[in-house]
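# Coordinates in review
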Amino acid sequence: MNPVQDRVELTIGGMTCASCANRVERRLNKLEGVTASVNYATEKASVSYGPEVTPEDLIAQVEKAGYTAELPAPPREEDAEESSPEDSALRTLRQRLLVSLVLAVPVIAMAMVPALQFRNWQWASLALAAPVVVWGAWPFHLAAWKNLRLGAATMDTLVSLGTASAFLWSLYALFFGHAGEPGMKHPFELTVERSDGGGNIYLEVAAGVTVFLLAGRYFEARSKRRAGAALRALLEMGAKDVTVLRDGAPVTVPIDRLAVGDLFVVRPGEKIATDGIVVEGASAVDTSMITGEPVPVEVGVDDTVTGATVNAGGRLVVRAVRVGSDTRLAQMARLVEEAQSGKAQAQRLADRVSGIFVPVVIVLAVATLGFWLGSGASATAAFTAAVAVLIIACPCALGLATPTALLVGTGRGAQLGILIKGPEVLESTRRIDTIVLDKTGTVTHGKMSLTAVVTAPGEDEAEVLRLAGALEDASEHPIAKAVAKAAADRTGALPPVADFQNVPGLGVQGLVDGHAVLVGRPRLLAEWSQPLPAALASAKEEAEATGKTVVAVGWDGAARALLVVADTIKETSAEAVTRFRGLGLTPILLTGDNEAAARSVAASVGITEVHAEVMPEDKASVVKDLQSRGRVVAMVGDGVNDAAALAQADLGLAMGTGTDVAIEAADLTLVRGDLRAAADAIRLSRRTLGTIKGNLFWAFAYNVAALPLAAAGLLNPMLAGAAMAFSSVFVVSNSLRLRRFNSS
């Protein structure tokens, strides 16, 4: 048997890229009995460990890898988010970027425009560039030092090496060469000629690269900051206060003072405070926030209710069964957290390339130095060529490659009603082959509406609607509201009601225009000796077979009609399913609704694979099962019950018309609530990813092409600056092509 495992979530600090997360994960998993999953986006490590390991051992192991680790902090006050460490780090990064930008712009301008090169301009450039290269680029230098200690190389190593080389060589040229002489100029000529390097300064390269990469790091950090918002939104859904019965008297107390076994009151329209059992009263409970299904659940004595659902009808007295972290809502929050923690993060493409490129550049620089010294050249000329290799290998366009494409792509997406959260979600769109669609609120509208009126022979449909709508208008039941709205829309003003009475679990009754009207379950009419005639009974069975809800209407001693209420399919859903198939995706319908309703909806939009009657907490398991069978899964949903599945999926798409929890747990948000936008989102994400890859290729290609010139000692400052400028212009221009993306 496996030993009992404890579980802890550590907050990891100091990670700068996805490879850092992998490094921490590997370190933790080296400990005996430890299973760890590190999420770069949330900066969390979810760790299971045996009795032979303590949390202090885990923290020590992370620190050995060069990072920091902390145990979970106690709950914060409501205003704590304002001053959270994440926000503080983001503010620091923004400040670093803005200060570096202000200082770097004149440095670049003076180096590239000879007309701006006043007497001793090079010393002004040094004064402006030094804070940028030392303070502004400090995060890159620190990360490079950590990587060096671990024998690894990432983009941070490349940036630190290139900027430091450019800056240090500029210092040498200014203090020991002849670059510091008054009146020194950088002429605007892209000639290829050998020099000893004593008059070459590369301050604009060092400062420009730092600013570009800080911008990329800031935009990434800003999107990453939102990763934990799904959990906060989910936990905030619960009631904040509860009315507890103390010695029979109602007393309002904070929710954290509610204990198991306490009796509490839930009035109409209030949220149910926690999971419990009804001990008094009957009502309809709107569970759509948890289950996603629009049909309310009728509850009475001894029925169970779930915290955060809404009491839509009568007064209830409930005995608390589960409180705090044991509630169903808290369990769903844990599912979301676990799904996010275990989600495979896309490696940053730049880091992958840098891992190979950096060692090659270093070897080439050493080889260049050795070649020139061996050929009898001066030490200054040899070092000039070697340093030039390191300088030209640091491509500033690399810092623009991802953020520019992402900014243009996300901007175009926003115009089309598509919000992309960050660069780490894009790789998934290329690989997905299956798209799971939640039914309610995604394929369908997610709210009840009147779809048909079936009348007995000789009855007038308008009269049925007028009388039934008037009676239902006095009820708070969600189905009653759907009937009343349809009646008002079709017949105009509704007549007044007298002697209105709600019959718990069955329906309503009252006097309308002198008629004794009954609206509700057929059983209510049967109790008043108004059985359904054969034609209506047959119509009822036919409607219920497709998952629709049937309401019977009778008055003056006879059943007169049936009102068929259902969640209607969105007009664009069938077209969206066709588009998914065109993208090579297999659509699957997933719902907590009954099999008949699910099959009916699936057949209407062209879906063949259906998973029906799935409990909210099991939706993520369905996605996980599909993934275990080798499928790469996208999930589209809109409710709280979809949040864990959205986080578990390789790509989560939330309908913007849905709950905040679903939106925060997803990777992409579809503002319009139109399922066709999901197909557009996948196309746009794939196009954006392709643009990023193209940008990265050219960002390296320009610099790789110049490496032979650098090794030959033929690289002058203008050529280095031109390579930086041209590669940046190309990357920006290539990214701007995304503005032409159109909805299909």
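Procedures and definitions
- Along each chain, residues carry numbers from 1 onward, in the same order as the chain's sequence is written.
- Local features in this predicted model are restricted to residues of pLDDT 70 or higher, and side-chain atom pairs are both shown and tallied only at a pLDDT of 80 or more, whereas totals for entire chains, interfaces and linings draw on every residue.
- Think of the side-chain values as coming from all heavy atoms in the structure, minus any hydrogens and water.
- UniProt positions are given in the numbering used here, feature names are shortened, and annotations may be inferred rather than shown by experiment.
- Patches here are clusters of residues that have more than 30% relative accessible area and form no salt bridge, with a 9 Å joining cutoff for like charges and a 5 Å cutoff for nonpolar side chains (Val, Leu, Ile, Met, Phe, Trp, Tyr).
- The Shrake-Rupley method, run with a 1.4 Å probe sphere, supplies the accessible areas, and residue values consider only the shown protein chains as cover.
- By definition, a salt bridge exists where a carboxyl oxygen of Asp or Glu is found within 4 Å of a side-chain nitrogen of Lys or Arg.
- Positive charges come from Lys and Arg alone, negative charges from Asp and Glu alone, with His and the N- and C-terminal ends not counted.
- The atom standing in for a charge is NZ when the residue is Lys, CZ when it is Arg, CG when it is Asp and CD when it is Glu.
- Exposed residues in this analysis have more than 50% of their type's maximum accessible area, buried residues have under 20%, and partly exposed residues fall in between, with area computed by a 1.4 Å probe over protein chains only.
- Strands here mean DSSP runs of E at least two residues long; helices mean DSSP runs of H or I at least four residues long; both are numbered from the N terminus.
- Between any two strands, pairing holds if DSSP finds at least two bridges.
- Look down the strands so they point away from you; if the path from the first strand over the helix to the second goes clockwise, the crossover is right-handed.

The name an unreviewed UniProt entry gives the protein chain is Heavy metal translocating P-type ATPase, with Actinocorallia libanotica as the organism. One UniProt comment on the protein chain, placed under Sequence similarities (unreviewed entry), says "Belongs to the cation transport ATPase (P-type) (TC 3.A.3) family. Type IB subfamily." Under Subcellular location (unreviewed entry), UniProt gives the following word-for-word description of the protein chain: "Cell membrane".

## Examining a positive patch on the surface
On the surface, a cluster of positive charge is contributed by R687, R737, R739 and R740. Accessibility expressed as a relative area gives 45% for R737, which makes it partly exposed.

## Some words on the pattern of salt bridges
For the coordinates displayed, the defined rule picks out 21 salt bridges. Between K619 and D438 there is a salt bridge whose closest N-O contact spans 2.9 Å. Placement of the pair is K619 in helix α22 (residues 619-628) and D438 in strand β15 (residues 434-438), with a sequence separation of 181 residues. Overall, K619 belongs to the buried group, its relative accessible area being 1%. Between D680 and R683 there is a salt bridge; the shortest N-O distance is 3.3 Å. Here D680 and its partner R683 are both found in helix α25 (residues 676-711), 3 residues apart, which amounts to about one turn of the helix. The exposure class of D680 is buried, given its relative accessible area of 1%. Classification of R683 as partly exposed rests on a relative accessible area of 23%. Taken together, the salt bridges that share partners define one network made up of E575, R579, D674, R676, D680 and R683.

## A closer look at the UniProt feature "transmembrane region" (unreviewed entry) in the protein chain
Following the UniProt record, the feature "transmembrane region" (unreviewed entry) maps to residues 97-117, 123-145, 157-179, 199-219, 353-373, 379-402, 695-712 and 718-736 here. Across residues 97-117, the secondary structure splits into 76% helix and 0% strand, with the terminal C-alpha atoms separated by 25 Å. Taken end to end, residues 123-145 is 96% helix and 0% strand, and its two terminal C-alpha atoms sit 29 Å from one another.

## Some remarks on the pairing of strand β25 (residues 651-655)
With 5 of its 5 residues buried, β25 lies for the most part within the structure. Residues of β25 alternate between two faces, with L651, L653 and M655 on one and G652 and A654 on the opposite face, all of them buried. Pairing analysis gives 4 bridges linking strand β24 (residues 633-637) to β25, with the strands arranged parallel. Across the sheet, the residue bridging to M635 is G652, located in β25. Crossover connection from β24 via helix α23 (residues 643-648) to parallel β25: handedness right-handed.

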